[in-house]
Amino acid sequence: MRLARPRTRTAAATVGATALAAAAVIATPLSGSATAAPAVPQVKPVPAIAGHLLAHSTSGPLSTEQCQAKWKIACYGPLQYRQAYNLNPLYKAGITGKGRTIVIVDSFGSPTIQHDLDVYSKAYGIPSGKVDVVKWGNVPKWDPKNKDMTGWAGESTLDVEMAHAVAPDAKIVLVETAVAETEGVTGLPEMMDAEKHLIDRGIGDVITQSFGATENTFPGFDKGDFSSIKKLRYAFKDAADHGVTVLASSGDGGATDNTADGSGYYKERVNSWPSSDPLVTSIGGTQLHLDDKGNRLSPESVYNDNGSGGGGQSHVFERPSYQNGVRAAVGNRRGTPDISMSAAVNGGAWVYSSYDPTAVGWDVSGGTSEASPLFSGIVALADQAAGHRLGNINDALYSLYKNEGYKPGSGLVDVKDGTNNSYAGVTGYTAVKGYDMATGVGTIDAARFVPALAHESRHHH
């Protein structure tokens, strides 16, 4: 058994705050079952916030300067992201994600998601948006004392607020899947079923997934049998057929990732799925260095604090053709990530939530679970700019990159400051000139990247 976890990392501490109770629970085996083990692996997703401290403010989001004084970390809001990623020129031109739909997949969801997005938006003076909630399966009654549920609710809140921050007029569909302990051990198959159902009904232009499970933990992996992962790819194949873009967080364990029980990390380089899937665009993590207005004080670095941007070679998938130009870095395997956005805890995102009545207010969150929904907003903008869905963007992305050439006007921004994603004792990869498995092709200047991606995708469909 193994666990898929949300990618979120909650950061910093109020004075005297205690660490969050460990939420990682070992998946219970299917007891008393006479049937053979199912061919599809079954997962109990568990939140990844265990052991992290909470930066919490009840009065409202603090400025970056105040966060640094109080908690020794930087904290950012949507207006800073808009400045840092050069989104404002797009909004002025009417590119706001209008007419496009972002699908967010999370277990359990959050009962207060619409209210919380409204409060978040109002605090920053941006219009709110409607969140359509789709319950997939028999989603259990909300229980704020259930650590599993509150972990996923935190993830859902982060995902929705980040996607909205970048694409304010995109429609958001939050799919809540029913992962309840009372129903045995379930997880990834339900998420894939939900995705396929929406794709087949024409709902959603881009899907963002802030969860993952280490490839090594899937049944059969140790014997070189990868069928348990390959049998779960049907939603991504369906997305490719329908021109839907699929994203996934690259993980928060640098070049390693969690062991099956969630309590530790592999001692060697590993990768995780769905990020490692060639049909998915893997979103890695950077650390932004911004002032209160969102201006850059220095170029972006690799996220490596209280977690680190996931990246490395897949043990399951061979190098896809779109990565032929970066074979020097990835070898003969699928390499992740493809591209990166803000994910560091020191430089985390303000998020507002009220799903837990004992902790209503503003929190700072990080992790590649922040990066993937941020990038889902970018895809929604590019879909609107193109006037159609871009579908799988990997061909277009690597074509804009062109072997370190970075096509003029591509809007890709190399991350090359020599920082790395070594983590938990496992040596990772260094951010060097060109593609690397610390940040992929780098990050973006949206005012240039969005039209470039929209244009480039025409040549790859």
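Here the residue index of a chain counts from 1 through its sequence in written order. pLDDT decides what is reported in this predicted model: residues at 70 or higher carry local features, side-chain atom pairs at 80 or more are listed and counted, and totals for whole chains, interfaces and linings draw on all residues regardless. The side-chain quantities take in all heavy atoms of the structure and omit both hydrogens and water.

Trainee: Looking at this structure, how should I read the pattern of salt bridges?
Mentor: Any two side chains of opposite charge can pair, given that their charged atoms come close. Whenever Lys or Arg places a side-chain nitrogen within 4 Å of a carboxyl oxygen from Asp or Glu, that contact is recorded as a salt bridge. In this structure the tally under the stated criterion is 11 salt bridges. With a closest N to O distance of 2.6 Å, E176 and K135 form a salt bridge. Here the residue E176 occupies a position in strand β7 (residues 171-177), and K135 occupies one in strand β6 (residues 131-136), the gap between them amounting to 41 residues. The exposure class assigned to E176 is buried, which follows from its relative accessible area of 2%. Between R233 and D277 there is a salt bridge, with its nearest N and O atoms 2.8 Å apart. Taken as a pair, R233 in the loop between α7 (227-230) and α8 (234-241) and D277 in the loop between β11 (272-273) and β12 (281-290) lie far apart in primary sequence, 44 residues in all. In this structure R233 comes out as buried when scored by relative accessible area, which is 14%. Relative accessible area serves as the criterion here: at 0%, D277 is assigned to the buried category. Each member of the salt-bridge network shares a partner with another, and the members are R100, D205 and R389. Strands here mean DSSP runs of E at least two residues long; helices mean DSSP runs of H or I at least four residues long; both are numbered from the N terminus. Exposed residues in this analysis have more than 50% of their type's maximum accessible area, buried residues have under 20%, and partly exposed residues fall in between, with area computed by a 1.4 Å probe over protein chains only.

Trainee: Hey, could you run me through the sheet that holds strand β1 (residues 5-6) in this one?
Mentor: Strands pair in a sheet through their backbones, by hydrogen bonds, and they do so in one of two ways: parallel or antiparallel. Should DSSP find at least two bridges between two strands, the strands are regarded as paired. Strand order in the open sheet formed by 3 strands is β1-β9-β11, with antiparallel pairing between adjacent strands. Each having just a single partner strand, β1 and β11 make up the two edges of the open sheet.

Trainee: Help me out: how do you make sense of the packing of aromatic side chains in this one?
Mentor: Each pair of aromatic rings is reported with the distance of its centres and the angle of its planes. For Phe, Tyr and Trp, rings pair up if their centres lie within 6.5 Å, where Trp contributes its six-membered ring, and each pair is then called stacked (planes under 30 degrees apart), edge-to-face (over 60) or tilted (otherwise). Across all of its chains, the model carries 15 aromatic pairs by this definition. Between the aromatic rings of Y398 and Y435, the centroid separation amounts to 6.0 Å while the plane-to-plane angle is 45°, which identifies the pairing as tilted. Taken as a pair, Y398 in helix α11 (residues 394-401) and Y435 in the loop between β19 (412-413) and β20 (443-444) lie far apart in primary sequence, 37 residues in all. Each of the two residues, Y398 as well as Y435, counts as buried. Ring centres 4.9 Å apart and planes at 90° place the aromatic pair Y401 and Y406 in the edge-to-face group. The burial state of Y401 is the same as that of Y406; both residues are buried.

Trainee: Would you mind showing me how to read the environment of D445 here?
Mentor: On the secondary structure map, D445 appears in the loop between β20 and α12 (446-458). Classification of D445 as buried rests on a relative accessible area of 17%. Spatially, the C-alpha atoms of D445 and G411 are 4.9 Å apart, while their sequence positions differ by 34 residues. Contacts are assigned to residue pairs with any non-hydrogen atoms lying within 4.5 Å of each other. The residues touching D445, leaving out its near neighbours within four places in the chain, are Y85, N86, G411 and V413. Pairing of N or O atoms within 3.5 Å defines a polar contact, subject to two protein rules: one partner must be a possible hydrogen donor and the other a possible acceptor, and residues neighboring in sequence count only if both atoms are side-chain atoms. A polar contact of 2.9 Å, which involves the side chain of D445, links it to the side chain of N86.

Trainee: Got a minute to help me understand the environment of G264 in this structure?
Mentor: Summarising the element assignment, G264 is placed in the loop between β10 (245-249) and β11. Note: C-alpha distance between G264 and A424 (160 residues apart in sequence) is 8.8 Å. In contact with G264, other than residues within four places in its own chain, are D257, N258 and T259.

Trainee: Would you mind showing me how to read the side chain of T96 here?
Mentor: Mapped onto the fold, T96 is located in the loop between α3 (88-92) and β5 (101-107). Residue T96 is classed as buried on the basis of its relative accessible area, which comes to 11%. Leaving out residues up to four positions away in the same chain, T96 has contacts with Y91, A167, P168, D169, A170, L381 and Q384.

Trainee: Mind showing me how you'd approach the state of the cysteines here?
Mentor: What counts as a disulfide here is a pair of cysteine sulfur atoms lying within 2.5 Å. In total, this model carries 1 disulfide according to the counting rule given. Here C67 connects covalently by a disulfide to C75, the sulfurs 2.0 Å from one another. Given an S-S torsion of about 95°, the disulfide between C67 and C75 has right-handed geometry. Accessibility expressed as a relative area gives 0% for C67, which makes it buried.

Trainee: What's the story with the pairing of strand β13 (residues 296-302) in this structure? I'm lost.
Mentor: A regular strand places its side chains so that they alternate between the two faces of the sheet. Here β12 runs beside β13; their pairing, made up of 4 bridges, is antiparallel. When the bridges of β13 are listed, T286 appears paired with V302. If you look at the hairpin formed by β12 and β13, you'll find 5 residues sitting between the two strands, and G294 has a positive phi there, around 95°.

Trainee: Whenever I open this one, α11 confuses me. Can you help?
Mentor: An α-helical turn contains 3.6 residues, so a residue and the one three or four places further along point in the same direction. Counted residue by residue, α11 has 7 buried out of 8 residues, so it is predominantly covered. Of all the positions in α11, only N394, A396, L397, Y398, S399, L400 and Y401 are classed as buried. Turning to α11, the residues buried within the fold contact β12, β15 (333-336), β16 (339-342), β19 and α12. After α11 finishes, the residue K402 shows a positive phi value of roughly 50°.

This is a description of form; function is not addressed.
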